[in-house]
Number of protein chains: 2
Amino acid sequence: MTQQGILIVLSGPSGAGKGTICKELLRSYPNLHYSVSATTRAARAGEVHGTNYLFVSQEEFQEMIAKDDLLEWANVYGNCYGTPRQYVMELLNDGKDVILEIDTQGAMQIKDKFPEGVFIYIIPPSLNELANRIYKRGTDSLESIKTRLSCATFEIDCAQHYNYVVVNDLVEEAVRKISAIITAEKCNAKRNTLLVNDVCCCKTAES
Amino acid sequence: MTQQGILIVLSGPSGAGKGTICKELLRSYPNLHYSVSATTRAARAGEVHGTNYLFVSQEEFQEMIAKDDLLEWANVYGNCYGTPRQYVMELLNDGKDVILEIDTQGAMQIKDKFPEGVFIYIIPPSLNELANRIYKRGTDSLESIKTRLSCATFEIDCAQHYNYVVVNDLVEEAVRKISAIITAEKCNAKRNTLLVNDVCCCKTAES
């Protein structure tokens, strides 16, 4: 009896540290697989097609939507992001856990379709700290930082729609908490009805 | 801002290993407190009044019910067990976590009154293993073992009303899983609305 894998959805305002946390989790859990998103945005320095993202054209993205090949998709700051459906489904059915790092719009689309997913919202210790992190990353213009911050309050308010909220103060601590969430969710009663039946059935078989 | 403590309710069929797991958890978590139950049953060898149970008479127990001093109570195998209300409430309000080791009847009473509690059901790997454990404990007559086993299937079926199911195959593994559940529940979004508001409020104060 293979327990179906768990779909973990990680969101949080830009600069909250989702990427770093994701990398650490993938390093710790061989059973955890990263779902590579398709995007129409340009690759940043060092980003690899197929590893970080599937970099596609606007036309290709529209075709994926038309074919219902995307589990969710969203337009963020003028760029499109989406999650290829088949890849995720195959992993889950094979008992693998899948982690998605997506924005709140996409997460809520997934929640409608997969309420059994585990929705985790990463928040920074404060908005000041968030601004510092985005500035230090050096990939955003001042204008872009302002836009991201003005969106952050609205986004953080979305945390209430997630199952868990994890403060990313220290990365190791945030990773430890998410690891605990994964372990706990494996024990979730709703995911273990077959297991409980198995224990009860032993009695019937032997009596 | 002190986060209210978490009420952890541990149930499982007799012989599933709740007691051992509870002891290990209490040794690992200084913030975790054991709620001592009141009972009308006779003390077993080595059990201490006020540590293992509050051993009370039938009359004293009836008085506690009448005064609504019990959070839950139940009659199990002819003996009464109950949870003194005030002790638990004071600890929770002080930010301490409280663990209760009670039967399914009591757990469901608590669930009605405190749906925010964390309800964990411990199951043995099989009913055969359960019978072995009760026999080895040496405190039950063969007749009593039969009664306990015939109740076990019904009890295990109650697991569906709990939040989590933990198989107690290896005690250390079961303890590790329950520790993860406690950590995960501290991150539960419903318990962290104040925290999320705090992060959002920083922005308002500074803008």
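About the cut-offs
Residues numbered from 1 in each chain as written. Chains lettered and ligands numbered in written order. Predicted model: local features only at pLDDT ≥ 70, side-chain atom pairs only at ≥ 80, totals over all residues. Heavy atoms only, no water. Least-squares fit on C-alpha atoms with pLDDT ≥ 70 in both. Contact = heavy atoms within 4.5 Å. Buried area = accessible area lost by both parts, 1.4 Å probe. Salt bridge = Lys/Arg side-chain N within 4 Å of Asp/Glu carboxyl O. Polar contact = N/O pair within 3.5 Å; in protein donor to acceptor, adjacent residues only side chain to side chain. Helix = DSSP H or I, 4+ residues; strand = E, 2+ residues; numbered from the N terminus. Nonpolar A, V, L, I, M, F, W, Y, C, P; charged D, E, K, R; others polar. Buried < 20%, exposed > 50% of the residue type's maximum accessible area, 1.4 Å probe, protein only. Pairing = 2+ DSSP bridges. UniProt positions renumbered as here; feature names shortened; annotations may be inferred. Axes fitted to C-alpha atoms, helices over the stretch in contact; angles between N-to-C directions. Parallel < 35°, antiparallel > 145°, perpendicular 65-115°, else oblique. Left-handed = near helix turned anticlockwise from the far one by under 90°.

What follows deals with the relation of the copies chain B and chain A. There are two copies of the chain, and a rotation about an axis plus a shift along that axis relates them. The two copies are related by a screw operation: chain B maps onto chain A through 180° of rotation and 0.0 Å of translation along the axis, at an RMSD of 0.0 Å. Within this description, the copies of the chain are treated as partners about a two-fold rotation axis. Among all residues of chain B, the one whose C-alpha sits closest to the rotation axis is Ala-180 of chain B, at a distance of 2.2 Å.

Right, let's get into the interface of chain B and chain A. Frequently, the measure chosen for interface size is the accessible area that the parts lose on association. Each partner contributes residues to the interface: chain B has 33 residues there, and chain A has 33 residues. Buried surface at the junction of chain B and chain A, summed over both partners, amounts to about 2700 Å²; 75% is from carbon and sulfur atoms. The largest contributions to the chain B side of the interface with chain A come from Val-165, Cys-187 and Val-199 of chain B, which together make up 19% of the buried area. The tally of links between chain B and chain A comes to 0 salt bridges. For the pair chain B and chain A, the interface holds 4 residue pairs in polar contact (both at pLDDT 80 or more). Of all the secondary structure elements, the ones that give two or more residues to the side of chain B that touches chain A are helix H5 (127-137), helix H6 (142-157), strand S9 (164-167), helix H7 (171-186) and helix H8 (193-206) of chain B. Here the side of chain B that touches chain A takes 7 residues from H8 of chain B, the largest share from any one element. Within the side of chain B that touches chain A, the residues separate by chemical class into 21 nonpolar, 7 polar and 5 charged.

Right, let's talk about the pairing of strand S1 (residues 7-11) of chain A for a bit. All names here are of chain A. Among the 5 residues of S1, 5 are classified as buried, and the element is accordingly described as predominantly covered. Residues Leu-7, Val-9 and Ser-11 of S1 are buried on one face, and the alternating residues Ile-8 and Leu-10, pointing to the opposite face, are buried as well. Bridge count for S1 against strand S7 (residues 97-101) is 4 bridges, and the pairing is parallel. Residue pairing for S7: Val-9 is matched across the bridge by Leu-100. As paired strands, S1 and strand S8 (residues 118-123) are joined by 4 bridges and run parallel to one another. Paired with Ile-8 across the strands is Val-118, a residue of S8.

Turning to the side chain of Asn-192 of chain B, a few remarks are in order. Tracing the sequence through the fold places Asn-192 of chain B in the loop between H7 and H8. Residue classification places Asn-192 of chain B among the buried residues on the basis of a relative accessible area of 8%. Separated by 2.9 Å, the side chain of Asn-192 of chain B and the backbone oxygen of Lys-186 of chain B make a polar contact. Dropping the residues within four chain positions of it, Asn-192 of chain B is found in contact with Val-165 of chain A together with Gln-3, Lys-186 and Cys-187 of chain B.

With that settled, consider the UniProt feature "binding site: ATP" (unreviewed entry) in chain A. All names here are of chain A. Following the UniProt record, one finds the feature "binding site: ATP" (unreviewed entry) at Gly-12, Pro-13, Ser-14, Gly-15, Ala-16, Gly-17, Lys-18 and Gly-19. The topology assignment puts Gly-12 in the loop between S1 and helix H1 (18-28). Setting aside its immediate chain neighbours within four residues, Gly-12 contacts Lys-18, Tyr-121, Ile-122 and Glu-155. Looking at the secondary structure, you find Ala-16 in the loop between S1 and H1. Excluding anything up to four places from it in sequence, Ala-16 contacts Ile-122, Pro-124, Leu-130, Arg-133 and Asn-168.

Residues and elements named next belong to chain B. Spatially, S2-S7-S1-S8-S9 is the arrangement adopted by the 5 strands of the open sheet, whose pairing is parallel. Each edge of the sheet is formed by a strand with only one pairing partner; in this case those strands are strand S2 (32-34) and S9. In this sheet, adjacent strand axes meet at a mean angle of 25° when their direction is disregarded. Of the strands in this sheet, strand S1 (7-11), strand S7 (97-101) and strand S8 (118-123) touch helix H4 (residues 104-113), which is tilted by about 155° from S1. On the sheet, H7 packs against S1, S7, S8 and S9 and is oriented at approximately 160° with respect to S9.

Tracing the backbone through its elements, the reader meets Asp-198 of chain B in helix H8. For the pair Asp-198 of chain B and Val-166 of chain B, spaced 32 residues apart in the sequence, the C-alpha separation amounts to 34 Å.

On to the packing of helix H1 (residues 18-28) of chain B against H7 of chain B. All names here are of chain B. Remark: H1 packs on H7, axes separated minimally by 10 Å, with the N-to-C direction vectors making an angle of 60°. Regarding the angle of H1 to H7, the classification is oblique. Where H1 crosses over H7, the two elements pack in a sense that is right-handed. Here Thr-20, Ile-21, Glu-24 and Leu-25 of H1 lie close against H7, whose contacting residues are Val-171, Ala-174, Val-175, Ile-178 and Ser-179. The class makeup of the residues in the contact of H1 with H7 is 6 nonpolar, 2 polar and 1 charged.

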